[in-house]
Amino acid sequence: MATSYLSKNNSLWDWLTTVDHKRIGTLYFFAGILFFAIGGLEALLMRIQLMFPLNDFLDGSTFNQLMTMHGTTMLFFAATPILFGFMNWVVPLQIGARDVAFPFLNSLGFWLFLFGALLMNTSFFLGGAPEAGWTSYVPLALNYSGTDFFVIGLQISGIGTILGAINFLTTIFTMRAPGMTLLRMPMFTWTTVVASALILFAFTPLTGGLTLIMFERLFNASFFDVAAGGNTVIYEHIFWIFGHPEVYLLVLPAFGIISDVLATFSTKRLFGYHSMVFATIMIGFIGFMIWVHHMFTVGMGPITNSVFGIATMLVGIPTGIKVFNWLFTMIGGKLHFTTAGLFAMSFIPNFLIGGVTGVMLAAVSADYQFHDTYFVVAHFHYIIVGGIVQAVFAGIFYWWPKMFGRKLNEKLGKWTFWLMLIGYHMTFFIQHFLGLWGMPRRVYTYLPNQGLDMGNFISSMGAIFMGASVLLLVINMIITFFRGEVAEADPWNGRTLEWAIPSPPPEYNFAQLPLVRANDPWWHEKMQGNKAMIPAEPLGEIHMPNPSILPLIMSLGLFIAGYGFIYHKLIVVIIGLAITFGTMFVRSVVDDLGHHIEPDEKEGVHSV
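Here's what I pulled together on the structure shown here. Per chain, residues are indexed from 1 in the order of the written sequence. Confidence filtering applies because this is a predicted model: local features only for residues at pLDDT of at least 70, side-chain atom pairs given and counted only at 80 or more, and all residues used for totals across whole chains, interfaces and linings. Heavy atoms from the whole structure form the basis of all side-chain values; hydrogens and water molecules are not counted.

## Focus on the overall build of the protein
Line of reasoning, step 1. Each helix and strand in the protein was counted, giving 18 helices and four strands.
Line of reasoning, step 2. Counting only C-alpha atoms and orienting by the principal axes, one finds that the protein spans roughly 70 × 60 × 50 Å.
Line of reasoning, step 3. For the protein, the residues scored as buried account for 59% of the 608 residues in total.
Line of reasoning, step 4. Put simply, of all contacts in the protein between residues at least 6 apart along the chain, 82% involve residues at least 24 apart.
Line of reasoning, step 5. Here, Shrake-Rupley sampling with a 1.4 Å probe gives the accessible areas, and only protein chains in the shown set may cover a residue. Of the roughly 23,200 Å² that the protein leaves accessible, carbon and sulfur atoms contribute 71%.
Line of reasoning, step 6. Positive: Lys, Arg. Negative: Asp, Glu. His and the chain ends are not part of the count. Here the site of a charge means atom NZ of a Lys, CZ of an Arg, CG of an Asp or CD of a Glu. The averaged location of the 32 negative side-chain charges in the protein is 10 Å from the averaged location of its 27 positive side-chain charges. Helix and strand definitions here come from DSSP, where helices need a minimum of 4 consecutive H or I residues and strands a minimum of 2 consecutive E residues; each element is numbered from the N-terminal end. Each residue is assigned to one of three classes by its accessible area relative to the maximum for its type, calculated with a 1.4 Å probe on protein chains only: buried under 20%, partly exposed between the two thresholds, exposed over 50%. Only heavy atoms matter for contacts: two residues are in contact if any of them lie within 4.5 Å across the pair.

## Section: helix α7 (residues 232-265)
Line of reasoning, step 1. Take the residue count of a helix, subtract one, and multiply by 1.5 Å to get its expected span. Over its 34 residues, α7 extends 50 Å from the first C-alpha to the last, a length consistent with the 50 Å expected when each residue adds 1.5 Å.
Line of reasoning, step 2. One axis is fitted to the seven residues ending at the residue and one to the seven starting there. The bend at that residue is the angle between these axes. The largest bend along α7 measures about 30° and falls at W240.
Line of reasoning, step 3. Among the 34 residues in α7, 30 count as buried, and that is most of the element.
Line of reasoning, step 4. In this structure N231 caps α7, since a side-chain oxygen of it lies 2.8 Å from the backbone nitrogen of V233.
Line of reasoning, step 5. Where α7 terminates, the next one or two residues include T267, which has phi positive at roughly 50°. Under the rule applied, a polar contact is a pair of N or O atoms within 3.5 Å (in protein, one hydrogen donor and one hydrogen acceptor; residues adjacent in sequence only if both atoms are side-chain atoms).

## Points about the side chain of Q65
Line of reasoning, step 1. Mapping Q65 onto the fold places it in helix α3 (residues 60-94).
Line of reasoning, step 2. Among the polar contacts made by the side chain of Q65, one reaches the main-chain amide nitrogen of A129 at a distance of 2.9 Å.
Line of reasoning, step 3. Contacts of Q65, omitting those with residues within four sequence positions, involve F124, G128, A129, P130 and E131.

## Looking at the pattern of salt bridges
Any two side chains of opposite charge can pair, given that their charged atoms come close.
Line of reasoning, step 1. Salt bridge, as used here: a side-chain nitrogen of Lys or Arg that lies within 4 Å of a carboxyl oxygen of Asp or Glu. All chains considered together, the criterion is met by eight salt bridges.
Line of reasoning, step 2. In this structure, D148 engages R217 in a salt bridge whose closest nitrogen and oxygen atoms are separated by 2.9 Å. Taken together, the residues D148 in helix α5 (residues 146-174) and R217 in helix α6 (residues 187-219) connect sequence positions 69 residues apart.
Line of reasoning, step 3. For R217, a relative accessible area of 22% translates into the label partly exposed.
Line of reasoning, step 4. In this structure, the salt-bridge partner of R495 is D520, at a minimum N-O distance of 2.8 Å. One end of the pair, R495, is in the loop between β2 (485-486) and α16 (521-527); the other, D520, is in the loop between β2 and α16, and 25 residues separate them in sequence. Neither residue differs from the other here; R495 and D520 are each classed as buried.
Line of reasoning, step 5. One connected set of salt bridges, linked through shared partners, spans D372, R441 and R442.

## Quick word on α5
Line of reasoning, step 1. The terminal C-alpha atoms of α5, which comprises 29 residues, lie 42 Å apart, in line with the 42 Å expected from a rise of 1.5 Å per residue.
Line of reasoning, step 2. Burial analysis of α5 places 24 of its 29 residues in the buried class, the great majority of the element.

## Considerations on a nonpolar patch on the surface
Line of reasoning, step 1. Exposure above 30% relative accessible area and the lack of any salt bridge qualify a residue for a patch; like charges then connect within 9 Å, and the nonpolar side chains Val, Leu, Ile, Met, Phe, Trp and Tyr within 5 Å. Taken together, the side chains of F30, V474, I478, F481 and F482 present a nonpolar region at the surface, about 480 Å² in accessible area.
Line of reasoning, step 2. Of all the elements, helix α15 (residues 453-483) adds the most residues to the nonpolar patch, at four residues.
Line of reasoning, step 3. Residue position: V474 is located in helix α15.
Line of reasoning, step 4. We classify V474 as partly exposed; its relative accessible area is 31%.

## Looking at the environment of H432
Line of reasoning, step 1. Structurally, H432 is set in helix α14 (residues 410-436).
Line of reasoning, step 2. The class of H432 is buried, set by a relative accessible area of 6%.

## Regarding the packing of aromatic side chains
Line of reasoning, step 1. Aromatic pairing here means that ring centres of Phe, Tyr or Trp (its six-membered ring) are within 6.5 Å. Orientation follows from the plane angle: under 30 degrees is stacked, over 60 is edge-to-face, and everything else is tilted. Evaluation of the coordinates by the stated rule reveals 60 aromatic pairs.
Line of reasoning, step 2. Seen from their ring centres, F76 and F77 are 6.5 Å apart, and the 50° between their planes marks the pair as tilted. The pair formed by F76 and F77 is uniform in burial state, with each residue classed as buried.
Line of reasoning, step 3. Where F343 meets F393, the ring centres are 5.4 Å apart and the plane angle is 65°; that geometry is what we call edge-to-face. Taken together, the positions of F343 in helix α11 (residues 339-362) and F393 in helix α13 (residues 374-404) put the pair 50 residues apart, joining distant regions of the chain.

## Digging into the nonpolar core
Line of reasoning, step 1. Counting residues in each nonpolar core, the largest one holds 159 residues, and the members touching the most others are F86, W326 and I396.
Line of reasoning, step 2. Here W326 is in contact with F255, I258, S259, L262, L270, M276, F347 and I348, once residues within four sequence places are set aside.
Line of reasoning, step 3. Counting residues in hydrophobic clusters, the runner-up holds 12 residues, among them F63, L66, L434 and M439. What is meant by a nonpolar core is a set of buried Ala, Val, Leu, Ile, Met, Phe, Trp, Tyr and Cys residues, joined one to another through side-chain atoms within 4.5 Å.

## Looking at unusual backbone geometry
Line of reasoning, step 1. Backbone torsion omega between V138 and P139 reads 5°, so that peptide bond is classified as cis.
Line of reasoning, step 2. Mapped onto the secondary structure, P139 falls in the loop between α4 (103-121) and α5.
Line of reasoning, step 3. In this structure, the amide linkage connecting S503 to the following residue, P504, adopts the cis form with an omega of -10°.
Line of reasoning, step 4. With respect to the element layout, P504 can be found in the loop between β2 and α16.
Line of reasoning, step 5. Positive phi outside glycine occurs at R442, with the angle close to 60°.

## A few points about the environment of V298
Line of reasoning, step 1. Relative to the helices and strands, V298 resides in the loop between α8 (273-287) and α9 (302-314).
Line of reasoning, step 2. On the accessibility criterion, V298 (32% relative accessible area) is partly exposed.
Line of reasoning, step 3. Sequence-wise, V298 and I348 are 50 residues apart; in three dimensions their C-alpha atoms are separated by 33 Å.
Line of reasoning, step 4. The contact partners of V298, leaving out residues within four places of it in the chain, are V233 and E236.

## Here we look at the side chain of R98
Line of reasoning, step 1. Take R98: it is sitting in the loop between α3 and α4.
Line of reasoning, step 2. Taking relative accessible area as the criterion, R98 reaches 16% and is therefore assigned buried.
Line of reasoning, step 3. A polar contact of 2.8 Å, which involves the side chain of R98, links it to the backbone oxygen of F510.
Line of reasoning, step 4. Those residues in contact with R98 that sit more than four places away from it in its chain are H21, E507, Y508, N509, F510, A511, Q512, L513, E537, I542 and M544.

## Side note on the packing of α3 against α13
Line of reasoning, step 1. Only the contacting stretch of a helix is used when fitting its axis, a line to C-alpha atoms as for every element, and angles between N-to-C directions run 0 to 180 degrees. Close contact between α3 and α13 brings their axes to 11 Å; oriented N to C, the two are set at 35°. Where α3 crosses over α13, the two elements pack in a sense that is left-handed. Packed against α3, whose contacting residues are H70, L75, I82, L83, F86, W89, V90, L93 and Q94, the element α13 presents F380, H381, I384, I388, V392, G395, I396, W399, K402 and M403 at the interface.
Line of reasoning, step 2. Asp, Glu, Lys and Arg are counted as charged, while Ala, Val, Leu, Ile, Met, Phe, Trp, Tyr, Cys and Pro are counted as nonpolar; the rest, among them Gly, fall into the polar class. Its residues placed into classes, the contact of α3 with α13 shows 14 nonpolar, four polar and one charged. In this scheme, a crossing is called left-handed if the near helix is turned counterclockwise away from the far one by less than a right angle; it is called right-handed if the turn is clockwise.

Spelled out as structure tokens, the structure:
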């Protein structure tokens, strides 16, 4: 039995200096879970405030801070890192690679994300969190000191996200095992490709927009001062050129998870694989072109609004292809109703509700009525919770045995599933009607006897159900670490390469790189009567990267410099940047050639 990546060198120092994609994936995963809990708590506090009319549980400013941090945390610091955790963990294994292309850069990306997120969340204790909403629209955002934490924190974190996307693209295009052609890659890997490309193109304008706000706040620039010739609508364009693809760069990996999980638990090849790849690319492309549908009420005129409205509806075509292919995958298959399978199956109707209301919002005349009401809140959360969170939960129960060598408890998992399913329908379905009945979004209270009382009460009770579901998942994780059922290498009778190696995998993943001979390569070999993948190389020494503390120090330097910018302390800025650039200099002049694992060190693993 091979020594797993978890069974040696497991001190705190080893985790701080790791460049192993599996450990970095684990760090992303648990950091994302932590921020998911924080973002969920913020949402729960808001729903308690809105549970009753004229409630005084929170004041308006605190509510606005929680609202801003909830949206920002869930999108940037929870959903993105959890999906990055899966990408780090699963993509190299699915393509038959031993690591990512740039292990050092991978570590740097994680620490930048973490320090950016920490900087922004410390705003609660340092004068107040940002309170202009997750869009941080100008000129409103320019009036709050918390905006400084918003722009600095997101810029540091965003650099890490961009580095991660570059790494994934390079890894997938250059490190695939022999025989793993582009059209043999699993769907999760394909969706990682498109999502990473979206990150490269979408995060760049966001960084530009945040930089403009930073110059306004810190250096008294006037990009958005109308009296000085500035333009606030420009910021809306910049933000939504990022903001709309942001949804797709999250939902596409969710589609990938659902595709892999459904194929496994339907005991059947994914229906229409090639059309799924085509649909993934088309969703990414169209999704990048339709940002204006968030701005119909700005006043751009009927022709512009109509063009973007029709273009928005077009995204329903490739999405529909995916939905039908998932259904045809299940039809005629041998379904297994595991927790992961249940989350994946329920994903389809739940996400469909969000998709249908998205088409309704794309109709310009209707959008004027729905705009800035709770109808939009409901639509958005059916995509995020009904889609992305459902898929993340499916991915957790599906890949947990591979990550940690133990299976999550299925009984607790099904309680988690039902609480989440009931909870989010209670929370968000009624919000469609609250919006139609006239309740505006982003308000911290409302008057009684306007037909909104019962709807808000039901919605808040649903949020409590969802909170209980997440709590149950965390309890399940803790119990599993101590006495969970030990998982074999292939506990679900899987189809892709990650299931061909031990659970959890050794440091080097594959003792010999596998030869891929078909789609679903591990399933193909099993059907041929083979008990392991056919090796594509002789058994030999394996080159691995050395651990390094430098990525953490580089990121810490930017973290320190960030506070210097926020508080206008030049000396702090200089110290922080000196740490970062000094560490970069050390990295540039000191050769690190990595190390080799000899064949006799592989402890019994003689084939893939």
